[in-house]
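Here's the letter readout for the chains.
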Amino acid sequence: MEEFAYRLYCQSCKSECEVYHHMDSHQYELDYCPFCGAEIDEDTREEIHEEEE
Ligand SMILES: [Zn+2]
């Protein structure tokens, strides 16, 4: 199963986190900080490409 990972950096609460999700749960909200709920724009959302077994 393909897995996507994103690194989010929130400018509002100065926190950084990594979010993992699978293709079939694509409705997962990546646009908001999980800590303070501030909006994350594309500049502070980095897609991480990892290849794992
Ligand atoms: Zn935040």
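Placed above this text is the structure.
It should be emphasised that the depicted structure is a prediction, and the values quoted were computed from it without experimental measurement.

1. As for the environment of Ser-15
Thinking step 1. Considering the arrangement of structural elements, one finds Ser-15 in strand β2 (residues 15–22).
Thinking step 2. As for Ser-15 and Pro-34, which are separated by 19 residues in sequence, their C-alpha atoms are 9.7 Å apart.
Thinking step 3. Ignoring any residue separated from it by four or fewer positions in sequence, one finds Ser-15 in contact with Cys-10 and Phe-35.

2. Brief notes about the pairing of β2
Thinking step 1. Counting buried positions along β2 yields zero of eight residues, so the element is predominantly exposed.
Thinking step 2. Looking at chain direction, strand β1 (residues 3–10) and β2 are connected through eight bridges and run antiparallel. Within β2, the residue paired with Phe-4 across the bridge is His-21.

3. Brief notes about the sheet that holds strand β3 (residues 45–48)
Thinking step 1. Sheet architecture is open: three strands sit in the order β2-β1-β3, paired in antiparallel fashion. For this open sheet the edge positions go to β2 and β3, each flanked by a neighbour on one side alone. Within the sheet, the average angular offset between the axes of one strand and its neighbour, ignoring direction, is 25°.

Definitions and limits used
- Residues numbered from 1 in each chain as written.
- Predicted model: local features only at pLDDT ≥ 70, side-chain atom pairs only at ≥ 80, totals over all residues.
- Helix = DSSP H or I, 4+ residues; strand = E, 2+ residues; numbered from the N terminus.
- Contact = placed C-beta atoms within 7 Å.
- Buried ≥ 20, exposed ≤ 12 C-beta atoms within 10 Å, placed from the backbone.
- Pairing = 2+ DSSP bridges.
- Axes fitted to C-alpha atoms, helices over the stretch in contact; angles between N-to-C directions.

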